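Observations on the model geometry
Single-letter residue listing:
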Amino acid sequence: LPTPASQGSLCTKAPRSVVGAMGDSGGGSGEGMNLFALSLEQLNQLKQSIEEELQGLNGAIQQLQVSRNKLTTSKEALNRLTTTDEGTPMLVPITSSLYVPGETTQLDTVLVDVGTGYFIEKSTDEAQAFLERKMALIETQAQNVQSAAQFKNQNLQQTVDVMNRKIMEMRGGAGSSGGGGGTAV
């Protein structure tokens, strides 16, 4: 059966890792990979590979959301501290479950965690700007990862569709006298 190219090919206009996972050794020429030329076993391997990559992308999305939430919490805490009157009683965290009583003082500088255990002293305005830049960077990264995940989902759906068609062709070619319903994959 002739099929439209859009239904039987994977688009390879994607990042190198996506193209490489689909077996394109040509360096992303923009041509689709003909899924109908692959055996059912090869399609299953491709499907498993795409599913594994999707799991990795979903894990990256979750990590980015956790980072975004931490930065949002830090930004809100900094905003509250800068607007709190001097001498206001508060609990100061020593660990995640240990606090000591304290009170606010004039806030000129804060220590900013810049990663891997390094802290830099910054003014409150510089700290706010730093947090905003980090949040914008994480948002950009999250959009890129989300886009790659959508691309992978499309490839997965195309692969499953071709697998289903091949299974239906095999059932039809074997002389189906009493068709069984249901999903093939």
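Residues numbered from 1 in each chain as written. Predicted model: local features only at pLDDT ≥ 70, side-chain atom pairs only at ≥ 80, totals over all residues. Heavy atoms only, no water.

Description of the overall build of the protein chain
Counting its secondary structure elements, the protein chain contains 4 helices and 6 strands. Its helices and strands in sequence order give the protein chain the pattern α-β-α-β-α-β-β-β-β-α, from N to C terminus. The 185 residues of the protein chain split such that 24% are buried. Of the accessible surface of the protein chain, which amounts to about 12,300 Å², a share of 51% is contributed by carbon and sulfur atoms. (Helix = DSSP H or I, 4+ residues; strand = E, 2+ residues; numbered from the N terminus. Buried < 20%, exposed > 50% of the residue type's maximum accessible area, 1.4 Å probe, protein only. Areas by Shrake-Rupley, 256 points an atom, 1.4 Å probe, with all protein chains shown as cover.)

Here we look at the nonpolar core
One finds Leu 35 and Leu 43 to be the most contacted residues of the largest nonpolar core, which totals 25 residues. In terms of residue count, the dominant contributor to this core is helix 4 (residues 124-173) (12 residues). Setting aside residues no more than four positions away along its own chain, Leu 43 makes contact with Leu 35, Leu 38, Thr 159, Val 162, Met 163 and Lys 166. (Core = buried A, V, L, I, M, F, W, Y, C linked by side-chain atoms within 4.5 Å. Contact = heavy atoms within 4.5 Å.)

A word on the pairing of strand 5 (residues 109-115)
Across 6 bridges, strand 5 lies against strand 6 (residues 118-123) in antiparallel orientation. The residue bridging Val 112 from the neighbouring strand is Ile 120, located in strand 6. (Pairing = 2+ DSSP bridges.)

Digging into the pattern of salt bridges
Should their charged atoms come close, side chains of opposite charge can pair. Using the criterion set out here, one finds 4 salt bridges in the structure. For Glu 51, the salt bridge goes to Lys 47, with nearest N and O atoms at 3.5 Å. Of this pair, Glu 51 and Lys 47 both sit in helix 3 (residues 40-83), separated by 4 residues, roughly a single helical turn. Accessibility expressed as a relative area gives 30% for Glu 51, which makes it partly exposed. According to the relative accessible area criterion, Lys 47 is buried, its value standing at 15%. With a closest N to O distance of 3.6 Å, Arg 68 and Glu 139 form a salt bridge. Of the two residues, Arg 68 sits in helix 3 while Glu 139 sits in helix 4, which places them 71 residues apart along the sequence. On the accessibility criterion, Arg 68 (26% relative accessible area) is partly exposed. (Salt bridge = Lys/Arg side-chain N within 4 Å of Asp/Glu carboxyl O.)

Observations concerning helix 3
Under the 1.5 Å per step criterion, the end-to-end length of helix 3 is 64 Å for 44 residues, consistent within 8% with the ideal 64 Å. For helix 3, every residue scored as buried is listed here: Leu 43, Leu 46, Lys 47, Ile 50, Leu 54, Leu 57, Ile 61, Leu 64, Leu 71 and Leu 78. (Expected span 1.5 Å × (residues − 1).)

Points about the environment of Lys 134
Summarising the element assignment, Lys 134 is placed in helix 4. Residues Lys 134 and Leu 71, 63 residues apart in the sequence, show an inter-C-alpha distance of 7.8 Å.

Details of the layout of surface pockets
Taken as a whole, the largest pocket spans an internal volume of roughly 1,100 Å³. What lines the largest pocket is a set of 31 residues, among which Ser 74, Ala 77, Leu 78, Leu 81 and Leu 111 lie closest to the centre. If you list the elements that add at least two residues to the lining of the largest pocket, you get helix 3, strand 3 (89-93), strand 4 (99-103), strand 5 and helix 4. Ranked by the residues each element gives to the lining of the largest pocket, the list is headed by helix 3, at 8 residues. A per-class count over the lining of the largest pocket returns 19 nonpolar, 7 polar and 5 charged. (1 Å grid on protein atoms, 1.4 Å probe; cavity = no way out; pocket = protein on both sides within 12 Å on 5 of 7 lines; lining within 4 Å. Points joined across faces, edges and corners; volume = space filled by probe spheres on them. Nonpolar A, V, L, I, M, F, W, Y, C, P; charged D, E, K, R; others polar.)

Points about the confidence of the model for the protein chain
Here the protein chain shows a mean pLDDT of 81. Residues at 70 or above account for 76%. Between residues 11-31, whose pLDDT stays under 50, and residues either more than four places distant or in other chains, the model counts 32 contacts. (pLDDT = per-residue confidence, 0-100.)

Considerations on a nonpolar patch on the surface
A contiguous nonpolar surface patch, about 440 Å² in accessible area, is contributed by Leu 81, Met 90, Val 92, Ile 94, Leu 98 and Val 100. Checked against the element boundaries, Leu 98 lands in the loop between strand 3 and strand 4. (Patch = residues over 30% accessible without salt bridge, like charges linked within 9 Å, V, L, I, M, F, W, Y side chains within 5 Å.)

What about the pairing of strand 3?
Within strand 3, only 0 of the 5 residues are buried, leaving the element largely exposed. Where strand 3 lies against strand 4, 5 bridges are found, and the strand directions are antiparallel. Paired with Pro 93 across the strands is Tyr 99, a residue of strand 4. Here strand 3 folds back onto strand 4, and the loop between the two strands holds 5 residues.

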